[in-house]
Amino acid sequence: MPDPTNAQIAAALDELGDLYELDGAIVHRVVAYREGARAVRDASVSVAGLAREGRAIELPGIGKTLQEKIVTLIDTGAIPSAQRLREKFPAGLVDIVHAVPGMGPKRVRALYDGLGIDSIEALEAATAAHEVRKLRGFGAKAEETIAAALAAAAERGPEGQRRTILSRALAIGEPIAAALRDHPAADRVELAGSARRLADSVKDLDLIATANDPLALARALHEIPAVQSVGTVSEAGARGVTHTGLKIDLKIVAPDQFGNLLQHFTGSKAHNMQLREAAVRRGLHVSEYGVLDDETGETLRCPTEEAVYERLGYAWIPPELREGRGELEASARGALPPLIDTADIRGDLHSHTTASDGKATLEEMARAALVRGYEYLAVTDHSATHGFGNEVSPGDLRRHMERVRALDARLDGIRLLAGSEVNVLPDGSLDYDDDLLAQLDWVVASVHTSFRIGEAAMTERMVRATEHPLVDAIGHPTGRKIERRDSYPVDIGAVIEAAARTGTMLEINAAPDRRDLDDVQARAAAQAGVRILVNSDAHSTGNFELMRWGVATARRAWLTAGDVANTRPWAAFDALRKRKPAPA
DNA sequence: GCCGTTTTCGGCCCGACTGTTTTCAGTCG
């Protein structure tokens, strides 16, 4: 049996936290399980491997007990205390806590003990029969609130729980922020929250503003075409919903507290908790309203974020790093990495043309890359069996290579690589012969089919492709689609190890619904010594702009320009390649 | 359950909102 992945271990610890919470454990114990789960999820190496060596306790938030429970999970496939609690509490109780807003573990437990409510369906029946209001601690109002929450959850369905991917959220949120900024009543307007941290997806948009006429600015939200409706409006701000269903929360604050509010609402929750815990140890209390000093009893209000961090002994931290993954310690030490920027990118090693499923011709793509200032572009149309039509037969590929090289010869200022995005077959072999692959300048190997072959087989498949001497890089290594599809089961740690060992590059695919590798995986790969690529996977000339989302993930992975291979000038990039440079 | 410039016990981030048990617990972000 393969080791559980970090995600699986984290899920087990989260479940244990949920169960202990239902069991009435003190909140700090529950929080400890959640923190442990987060530490495992964010770990850059296999936690199963660490635990086996007794080293999981090196992760912040993992102590002796959790270390032992993880080992038991690895050895037996289960944690005994979880099994015992599962027998005590039906799974429906956890379902209610997760699915019904306002229903936490305490109230769910009360309904279970008092009325035997053990599922969402049973809760619906009990509210309809007005049984809930009879229970001590609940009233008519509570029953109505629960019924409304249940109806809303049913209305939304599982789809409604989805978060909005970052590119869509910013396409809506950035123009809204700009429109508010242009309003005569506005002074400052900034997007906060996970949108500002450039997370994979966002739940809602938080806007923090200062204004010379707060009420006028709050009213202005309603005038923006993207905004469908606005609720209560006051000098403190307004709440609204866009036509796409994205919630907007505009908060208008005094200029001398703008820094406190922006810092607070940028988050993340984990970052803010760590920030405050560290502050408490030094007699300071941080909230969205200021920094309270125990000694003087005075609250420092900060007009800028820089002032907040400075008061607490930190250099300003880029929002992309504020995930509680060591950024506070690094900031205090003056050791924050100089993060990569989109302007650092000098070439794109994954693009498509009309030869396969791209929308633009070879020449259009090459000229667009040149205009963008790139020094090199790999043209990597799909191979024979990628599964979506437009396949390039071996004969087609030979002719395509000739066209790429002919264009390269007559186009100054950019080097074109005749490449291919070669499909990795289920057994790990590639769907062109080695003879043909050897004639190419660049090969990206990607999995596009047969996702459900199981973790062991998928890992073997990808490691084999990674070890192939003619594979320069692995494309979108996990196959995830943000908010739509999980990664196929694969031991990405084994792929990272193989890539580091063989000098194969791993891609951060910049397509906004992919961003694959993700931030945690890319950080782990870079730490393991893997050369990272950030590639647009452009299928049109406009798609080169997608590089932005890949760079966002690279920044969230703590990557510098030096960690990313395609920030190099051509000669330096060429020297990093696994395959011998093509003859000139 | 974790953790230590309060080191092996006794704490553990902060504030808003809601409704009910009427003085505060539960939930959320």
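Whenever I open this one, helix α18 (residues 394-410) confuses me. Can you help?
One turn of the α-helix equals 3.6 residues, which is why residues spaced by three or four share an orientation. For α18, spanning 17 residues, the distance from its first C-alpha to its last is 25 Å, which sits close to the expected 24 Å at 1.5 Å a residue. Of the residues making up α18, those classed as buried are Leu-397, His-400, Met-401, Val-404 and Leu-407. End-on view of α18: buried residues confined to an arc of 135°, all on one side of the axis. Facing away from the buried side of α18, by more than 90 degrees, are the exposed residues Glu-402, Ala-409 and Arg-410. The inward-facing, buried residues of α18 abut α17 (362-371), β12 (376-382), β13 (415-423) and α19 (434-439).

When you look at the sheet that holds strand β10 (residues 299-300) in this model, what are you seeing that I'm missing?
In a beta sheet, neighbouring strands pair by backbone hydrogen bonds and run either parallel or antiparallel. With antiparallel pairing, the three strands of this open sheet are ordered in space as β8-β9-β10. Of all strands in the sheet, those with a lone pairing partner are β8 (284-287) and β10, marking the two edges. Where strand β9 (residues 290-293) meets β10, two bridges bridge the pair, whose relative direction is antiparallel. Across the sheet, the residue bridging to Leu-292 is Thr-299, located in β10.

Sorry, what's going on with the pattern of salt bridges here?
Any two side chains of opposite charge can pair, so long as their charged atoms come close to each other. A complete count under the given rule lists 43 salt bridges for this structure. In this structure, the salt-bridge partner of Glu-21 is Arg-34, at a minimum N-O distance of 2.8 Å. Of the two residues, Glu-21 sits in helix α1 (residues 6-22) while Arg-34 sits in helix α2 (residues 27-42), which places them 13 residues apart along the sequence. By relative accessible area, which is 30% here, Arg-34 ends up partly exposed.

Just to check I follow, could you spell out the domain arrangement of chain A for this structure?
A common way to state how big an interface is: give the accessible area lost once the parts meet. Split into domains, chain A comes out as domain 1 (6-156), domain 2 (164-252), domain 3 (258-325) and domain 4 (342-576). One C-alpha centre belongs to domain 2, the other to domain 4, and the line joining them spans 36 Å. At the junction of the two partners, domain 2 supplies ten residues and domain 4 supplies ten residues. Summed over both sides, the interface of domain 2 with domain 4 buries roughly 900 Å², with 53% coming from carbon and sulfur. Contact with domain 4 buries surface across domain 2, with Ile-165, Leu-198 and Asp-200 losing the most and accounting together for 52% of the total.

Is there a simple way to think about the pairing of strand β16 (residues 505-509) in this case?
Along a regular strand, successive side chains alternate from one face of the sheet to the other. Within β16, five of the five residues are buried, which leaves the element mostly enclosed by the surrounding structure. Neither face of β16 is open: one carries Met-505, Glu-507 and Asn-509, the other Leu-506 and Ile-508, and all of them are buried. Across two bridges, strand β15 (residues 473-474) lies against β16 in parallel orientation. Directly across from Ala-473, in β16, lies its bridge partner Met-505. Handedness of the β15-helix α21 (residues 492-502)-β16 crossover: right-handed. What joins β16 to strand β17 (residues 532-535) is helix α22 (residues 519-527), and the crossover it makes is right-handed.

Explain unusual backbone geometry to me, please; I cannot follow it from the model alone.
That bond from Gly-267 to Ser-268 is cis: its omega, 0°, falls within 30 degrees of zero. For Ser-268, the location among the structural elements is in the loop between α13 (258-266) and α14 (269-280). Here Asp-516 and Leu-517 are connected by a cis peptide whose omega angle stands at 5°. Unusually for a residue other than glycine, His-130 sits at a positive phi of about 55°.

Explain the protein's contact with DNA strand B to me, please; I cannot follow it from the model alone.
Near DNA strand B lie 39 residues; those nearest to it are Gly-63, Gly-137, Arg-276, Glu-277 and His-285. Protein-proximal atoms of DNA strand B, defined as those within 4 Å of the protein, fall in sugar or phosphate at a share of 72%. For DNA strand B, a phosphate oxygen lies 3.3 Å from a polar atom in the backbone of Leu-66. Counting residues per element, the ones that place at least two in the surface near DNA strand B are α2, α4 (64-76), α7 (105-115), α9 (140-160), α14 and β8. A per-element tally of the surface near DNA strand B places α14 first, with five residues. Here the surface near DNA strand B is composed, by residue class, of 15 nonpolar, eleven polar and 13 charged.

The rules we used
- Residues numbered from 1 in each chain as written.
- Chains lettered and ligands numbered in written order.
- Predicted model: local features only at pLDDT ≥ 70, side-chain atom pairs only at ≥ 80, totals over all residues.
- Heavy atoms only, no water.
- Helix = DSSP H or I, 4+ residues; strand = E, 2+ residues; numbered from the N terminus.
- Expected span 1.5 Å × (residues − 1).
- Buried < 20%, exposed > 50% of the residue type's maximum accessible area, 1.4 Å probe, protein only.
- Arc of directions from axis to C-beta.
- Contact = heavy atoms within 4.5 Å.
- Pairing = 2+ DSSP bridges.
- Salt bridge = Lys/Arg side-chain N within 4 Å of Asp/Glu carboxyl O.
- Domains from an automatic or database assignment.
- Buried area = accessible area lost by both parts, 1.4 Å probe.
- Right-handed = clockwise from strand over helix to strand, strands pointing away.
- Near = heavy atom within 4 Å.
- Polar contact = N/O pair within 3.5 Å; in protein donor to acceptor, adjacent residues only side chain to side chain.
- Nonpolar A, V, L, I, M, F, W, Y, C, P; charged D, E, K, R; others polar.

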